[in-house]
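# Observations on the three-dimensional arrangement
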Amino acid sequence: MDMFLSQMLNGLQLGSIYALVALGYTMVYGIILLLNFAHGDIIMVGAYVSWLVMAQLGLSPVVAVLLSVAACTLVGVLIDKVAYAPLRNAPRLSILITAIGVSYFLENGAQLVFGADAKRVPAFTDLQTIQLGGLSLSFPAVATVLVTIVATVALTLLVQKSKLGKAMRAVSEDMGAARLMGINVNSTISFTFAVGSALAGIGAVLYAMAYTQASPTMGMMLGTKAFVAAVLGGIGSIPGAVVGGLIVGFAEMVVTALGLSVWKDAVVFLLLIIVLVVRPTGIFGRTMSEKV
Amino acid sequence: MASLLSVRDLHVSYGAIKAVRGVSFDINEGEIVTLIGANGAGKSTTLNTVAGLIRPDSGSVEFGGDSLVGVPAHKVLKRGLALCPEGRRVFTQMSVAENLEMGGYTRTDAENRETLEMIFEHFPRLKERRGQVAGTLSGGEQQMLAMGRALMSRPRLLMLDEPSMGLAPILVQEIFDIVKQLNEAGTTILLVEQNANMALSVADRAYVLEIGTIKKTGTGAELLVDDDVRKAYLGG
């Protein structure tokens, strides 16, 4: 029973990280219809910043968390300004290819600066387990789940209730009409990148907490799986990203628990194939009418 | 008297296609002015250019004495010029209230509350449906919402692009009645229409656009009885 619960918690932990990263994919897709393939690499940036701050500078974990999230936010916004914004009116394929280019740039840039070997990120806290009603639970796992719940609720409130959130929805539905409302479309898109990248920054910290390492290509598989999660849930949908992330996390956990961990990546991509065949719009996705 | 909006020798093209070729017109404070013409005459392009959605190749657009050329659309709105676009383009996944709120994006909540009262007076149906998702409204209701949304910015000049498009005749009449009401309440209106009969009967003055140039101008009443206009736009 204990074993079962702790596996469940692991699935939830991994799924939460996927969910946080998937939210960034889904938000950016929702607003400019771009699959931002560089998004996974933002995680890598965050993990390296955590390593730098704690292992190199010897500063506190709190500083590491703040700087990691800030760095991810900044890098996300910069990528949009430098690489994507000049292509706003270009064909979608051009900007997609640019995103792949940015991804390679970040991965190789990190390798150039930090070397190809993985760096060990120090523990954020000495607290490794917490006791709850006689159960011993992994603290990083519990923290991950709680942080993800808070972040998702905060994001939902932001998008549904705040003025900027409503502007994001307006831009995502009709950019031209949003302009006519006096909405500054460019700054709204920047804001979307900032929020998505900040969530990735939080994901980066939680990931580094669980897996304690940073490497140049760590964002590749993580990002791809979070992308699968976003598609699974219905790309463009915020609840979809969360549900998709949890499904992918649990699927990996189940496969691993069955002793088939070498198959876990394959199972995730099998899920993607099944979704694309059976329900291409994903769980929460709606069929989009082509804009005229 | 200086006009509120003054467009001089406007040229606009989409790539190699010249959509507007030297259009000039004026609108004075308090008027309803209409641009009529066939599909592709350049009416919508003219409005979209004035609103800042498209950059002209050349020519000048002055609003209240200031040039609007090169001013992006979101800043044009702040100067007091709102466009209610062709095809309505309400935010279909947002509620009626949220759509109106977006219309008042550049103004304070207190101002918006006041404006909302005024809009609900002109469009009581929007008040009844304020919680409803805009995509589920009928075409006529969506047109009312699009107009109400444009009015939320309290424009000095309201530009309406084909407000009667796709509406049943009884609704067209209703929309035009509201246009007149709005004008009487102090809003200057630039109306683009294919329904020339309706447009000319409410307009103080009108311009006839053909293939990107102004072919004729006069008061609404004059053009309603003009032989060329009757033949081309009013069905004989």
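Values in this document were obtained by computation on a predicted structure and should not be read as measured data. (Residues numbered from 1 in each chain as written. Chains lettered and ligands numbered in written order. Predicted model: local features only at pLDDT ≥ 70, side-chain atom pairs only at ≥ 80, totals over all residues.)

## Points about the overall build of chain A
The line we're drawing: We count a stretch as a helix when DSSP gives it H or I for four or more residues in a row; a strand needs E for two or more, and each element gets its number in order from the N terminus. We compute the radius of gyration from the C-alpha atoms alone; for a globule the expected value is 2.2 Å times N to the 0.38, where N is the number of residues. Backbone-placed C-beta atoms define the burial measure: a residue is buried with 20 or more other C-beta atoms within 10 Å of its own, exposed with 12 or fewer, and partly exposed in between. Placing a C-beta atom from the backbone of each residue, one calls two residues in contact when those atoms lie within 7 Å.
Across its full length, chain A carries eleven helices and four strands. The C-alpha atoms of chain A give 19 Å as radius of gyration, which agrees with the globular expectation for 292 residues (19 Å, within 12%). Based on the C-alpha atoms only, the size of chain A along its principal axes is roughly 60 × 45 × 35 Å. A burial count over chain A gives 49% of its 292 residues as buried. Considering only contacts in chain A between residues 6 or more positions apart, those separated by 24 or more positions represent 75%.

## Digging into the pairing of strand S10 (residues 213-219) of chain B
Residue and element names in this part refer to chain B. In plain terms, the rule: Here, any two strands with at least 2 DSSP bridges between them count as paired.
Bridge count for strand S9 (residues 205-210) against S10 is six bridges, and the pairing is antiparallel. Among the inter-strand pairings, Arg205 is bridged to a residue of S10, identified as Thr219. Between the end of S9 and the start of S10, which pair antiparallel, lie two residues, with Ile211 showing a positive phi angle near 40 degrees.

## A word on the interface of chain A and chain B
Note on interface size: it is often stated as the accessible area lost on association of the parts. Put simply, the rule is: For this scheme, ten residues count as nonpolar: Ala, Val, Leu, Ile, Met, Phe, Trp, Tyr, Cys and Pro. Four count as charged, namely Asp, Glu, Lys and Arg, and the remainder, Gly too, count as polar.
With 14 residues of chain A at the interface, the matching set in chain B holds 20 residues. Every element with two or more residues in the side of chain A that touches chain B is listed here: helix H6 (163-173) and helix H7 (175-180) of chain A. Broken down by element, the residue count for the side of chain A that touches chain B peaks at five residues, all from H6 of chain A. Partitioned by chemical class, the residues of the side of chain A that touches chain B number six nonpolar, three polar and five charged.

## Notes on the sheet that holds strand S5 (residues 66-67) of chain B
Residue and element names in this part refer to chain B. To keep it simple, the criterion reads: Here, axes are lines fitted to C-alpha atoms. For helices the fit covers the stretch in contact, and angles between N-to-C directions go from 0 to 180 degrees.
The sheet built from four strands is open, its strands ordered S2-S1-S4-S5 with antiparallel pairing. Sheet topology places strand S2 (17-27) and S5 at the edges, where each strand pairs with a single neighbour. Here strand S1 (residues 5-14) runs beside S2; their pairing, made up of eight bridges, is antiparallel. Bridge pairing links Tyr14 to Ile17 in S2. Helix H1 (residues 43-50) contacts S1, S2 and strand S4 (58-63) of the sheet and is inclined by roughly 110 degrees relative to S1.

## Focus on the pairing of strand S2 (residues 129-132) of chain A
Residue and element names in this part refer to chain A. Sheet analysis places S2 next to strand S3 (residues 135-138), joined by four bridges and oriented antiparallel. By the bridge assignment, Thr129 is partnered in S3 with Ser138. Here S2 folds back onto S3 in antiparallel fashion, the turn holding two residues, of which Gly133 has a positive phi close to 55 degrees.

## Here's the deal with helix H6 (residues 139-151) of chain B
Residue and element names in this part refer to chain B. Here is the rule we go by: Multiply 1.5 Å by the residue count of a helix minus one, and that product is the helix's expected span.
For H6, with 13 residues, the first-to-last C-alpha span of 18 Å sits near the 18 Å given by 1.5 Å per residue. Taken across its 13 residues, H6 has eleven buried, putting it largely inside the fold. Within H6, burial applies to Glu141, Gln142, Gln143, Met144, Leu145, Ala146, Met147, Gly148, Arg149, Ala150 and Leu151. Buried residues along H6 sit in contact with strand S6 (81-84), helix H3 (96-103), helix H4 (109-122), helix H5 (124-128), strand S7 (157-161) and helix H7 (169-184).

## Remarks on the sheet that holds S7 of chain B
All names here are of chain B. Taken in spatial order, the six strands of this open sheet run S6-S7-S8-S3-S9-S10, and their pairing is mixed. Two strands in the sheet have a free side with no partner beyond their single neighbour: S6 and S10. Here the strands of the sheet are splayed against their neighbours by 15 degrees on average, with no regard to which way each runs. The sheet strands contacting H1 are strand S3 (32-37), S6, S7, strand S8 (188-193) and S9, and the helix crosses S7 at an angle near 145 degrees. Contacts between H6 and the sheet are confined to S6 and S7, with S6 contributing the most and set at about 170 degrees to the helix.

## Description of the packing of helix H1 (residues 2-32) of chain A against helix H10 (residues 238-257) of chain A
Residue and element names in this part refer to chain A. Put simply, the test is: With the far helix as reference, a near helix turned anticlockwise by less than a right angle produces a left-handed crossing, and one turned clockwise produces a right-handed crossing.
In the contact formed by H1 and H10, the axes pass within 6 Å of each other and the chain directions differ by 145 degrees. In this structure, the crossing between H1 and H10 has a hand that is right-handed. A class-by-class count of the residues in the contact of H1 with H10 yields 14 nonpolar, ten polar and one charged.

## Quick word on unusual backbone geometry
Residue and element names in this part refer to chain B. The backbone of Arg89 shows a phi angle near 50 degrees, a positive value even though the residue is not glycine. Here Arg89 lies in the loop between S6 and H3. The phi torsion at Arg154 lies on the positive side, around 55 degrees, for a residue other than glycine. By secondary structure assignment, the location of Arg154 is in the loop between H6 and S7.

## What to know about the environment of Val192 of chain B
Mapping Val192 of chain B onto the fold places it in strand S8. In this structure the C-alpha to C-alpha distance between Val192 of chain B and Met118 of chain B, which are 74 residues apart in sequence, comes to 24 Å.

## Focus: the confidence of the model for chain B
Basically, it comes down to this: Think of pLDDT as the predictor's per-residue confidence, scored from 0 to 100.
Per-residue pLDDT for chain B has a mean of 94; in total, 99% of the residues score no lower than 70. In the model output, the complex is listed with pTM 0.91 alongside ipTM 0.93.

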